[in-house]
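# Structural features, examined
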Amino acid sequence: MNRTRVLVLALVILVAGFTLAGSSDFAGAQAKPEGEMRWALYVTLAPAWFDPAEVVGVLTPFWVLYAMHDALVKPMPGNHLAPSLAESWTVSPDQRTYEFKLRQGLKFHNGDPFTAEDVKFSFQRAKGAKLLQDKVQEIVIVDPHRVRFVLHEPWPDFMTFYGTFATSAAWIAPKKYMEQVGVDGFKKAPVGLGPYKFVSHTPGVELVMEAFEGYWRKMPSVKRLVYKSVPEATTRMAMLKRGEVDVAYLLDATLAEEVKRDSSLKLAFSGGIGTYYLDFLDQWDPKSPWHDKRVRLAASLALDRRGISTAETLGASRPTGNVVPRTFEFAIPLEPHPYDPAKAKQLLAEAGYSNGFDAGDLHPWPPYFSTGEAIVANLGAVGIRTRLRTMERAAFYSALASKKLKGICMCIDAVYGNASSRLSQIVPAEGAYAYGAYPDIEALYRQQGQELDKKKRAAMLAKIQQELYDRVRFAAIYDYIWPSGIGPRVEDPALMLIDPYPWSAPLEDVKLKKR
């Protein structure tokens, strides 16, 4: 190479070096987290939600987990089983062994390294994952960055229950730190692997978090997140209008219309996980009117699903005949029973209730009491007389799960995953919210859970869903999609990036407008 070419090449390299350095500095400056974003939540944050192990049967804690914690595998935009703390995983030919390769070099917010020990520790602590835990024979730590789950027998739903919102077993807590401070100490000062680290928690008031710039996926855009507990919808709306919060979750139809009239605010819809359904809790009692399928069908025909959706969610919630969302694997589309009060009255008369009957209490899922009131009115119009019996959320969960409720439940199924996991709490008799079961459907449900042939399994699950519909085991109402208000400072609230999922996520993707 001659002297001239060497000098030219050196000059090119030098210029390129300056260019790359300059662009890197610029990108770095742009990527630095800035500003504070505030949410008005509709329930009071429970310190138990700071610990991934404490997720039991409800979805709400995940709005904290997505901020402060991370999982081996989790739902992300475009992928309900996205590799996260696990770079990849393999399944053995006999489908009994799942081996995960962990990302190396990751550290918890306190500086402790993330290893396979944390994975095993977190799996064993998860309180809402008994079905999953019972399927695992042993967990083998192959090396610090590789962990192997060995099942007693092949189970096609392992990843569904491990890697989605069906359980929190894949969400990681730091073993070393947890053992140092104890469970109570951890709830006071949680440490995780997520995009945001804990700053402070004022019980009943707010949770404050700050960006963790070392987050592996990407540096968060917003410096500080504040979750405010604001149970009253009118207060959430007032705070949004005053600029005290940037996102006000869960507004009723009247407040949503108010947002639409305010040019400085935006209306956003999210959800799609929770499906409302009427559960006839006493249908298993031969002496109950609900034991008669004609009575259950009459109740379903009495429901003005479209009218309730319009009144409660501006028509955003989609009426359905199935509690399994159409986006889930193995779901079959089932249209809701039509709104037909005349037919409902005819069926009641055929069943011996021409003058209607006293159906006892209707228990609405807290805090959706206005929906319960609408259902009481619909049922009353055809002669099914019920009384709305409201309860505080914790008391309701306890009473429902302990099988103490009588009458009707306006329940919500929000179990994530596929058709099998979705039905796990209401089809088998031991399901958390099942007050009884049909033996033939229950047997088929157990059979499909062991079927490794995907086509055969799909056929079984399709039959189960159709049988539940035909027998009116429950009356599905709609897939719940609700309005929220977005303030003028927000560029992207990250709603429905994960579909379905009702809250802002991933939180490293939320953005404020540049000043």
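Preceding block: the structure.
Description of the structure in this document. Quantities reported herein were computed from a predicted structural model and do not represent experimental measurements. Each chain carries its own residue numbering, running from 1 in the written order of its sequence. Residue-level local features of this predicted model are given only where pLDDT is at least 70; pairs of side-chain atoms are given and counted only at 80 or more, and the full residue set underlies all totals for whole chains, interfaces and linings. Calculation of side-chain values draws on the structure's entire complement of heavy atoms; hydrogens and water are dropped beforehand.

### Some thoughts on the layout of surface pockets
- Grid spacing is 1 Å over the protein atoms alone, the probe is 1.4 Å, and a cavity is where that probe fits but cannot get out, while a pocket is an open set with protein on both sides within 12 Å along at least five of seven lines and lining residues have an atom within 4 Å of a point. Grid points are joined across faces, edges and corners, and a volume is the space filled by probe spheres set on the points. In this model, the second largest pocket occupies a volume close to 380 Å³.
- Looking at the second largest pocket, it is lined by 19 residues, and the ones nearest its centre are P156, T160, E329, N418 and K454.
- Each residue is assigned to one of three groups, with Ala, Val, Leu, Ile, Met, Phe, Trp, Tyr, Cys and Pro labelled nonpolar, Asp, Glu, Lys and Arg labelled charged, and all others, Gly among them, labelled polar. Here the residues of the lining of the second largest pocket are counted per class, giving 7 nonpolar, 7 polar and 5 charged.

### Here's the deal with the sheet that holds strand 5 (residues 97–102)
- If DSSP finds at least two bridges between two strands, the strands pair. Numbered from the N terminus, helices here are DSSP runs of H or I no shorter than four residues, and strands are runs of E no shorter than two. Pairing in this open sheet of 4 strands is antiparallel, and the strands run 4-5-7-6 from one edge to the other. Strands at the two margins of the open sheet, each flanked by one partner only, are strand 4 (86–91) and strand 6 (136–143). Within the sheet, the average angular offset between the axes of one strand and its neighbour, ignoring direction, is 20°.
- As paired elements, strand 4 and strand 5 share 5 bridges and run antiparallel to each other. When the sheet's bridge partners are listed, W89 is paired in strand 5 with F100.
- Any two residues whose heavy atoms approach within 4.5 Å are treated as being in contact. Axis definition: a line fitted to C-alpha atoms, over the contacting stretch in the case of helices. Angles run 0 to 180 degrees between N-to-C directions. Strands strand 5, strand 6 and strand 7 (146–151) of the sheet are contacted by helix 3 (residues 116–125), whose axis makes an angle of about 165° with strand 6.

### So, empty space enclosed by the protein
- Scanning the model with the defined rule gives 2 cavities of 30 Å³ or more in all.
- Its boundaries defined by the atoms lining it, the largest cavity holds a volume of some 40 Å³.
- Forming the walls of the largest cavity are S300, R305, T320, G321, P336, H337, Y469, F474, A475 and A476.
- Of the residues forming the lining of the largest cavity, the biggest block, 3 residues, is contributed by strand 17 (residues 474–486).
- Taken together, the residues of the lining of the largest cavity break down into 5 nonpolar, 4 polar and 1 charged.
- Here the second largest cavity is characterised by a volume of approximately 40 Å³.
- Forming the walls of the second largest cavity are W284, V427, A437, Y438, I441, E442, L468 and R473.
- Split into classes, the residues belonging to the lining of the second largest cavity amount to 6 nonpolar, no polar and 2 charged.

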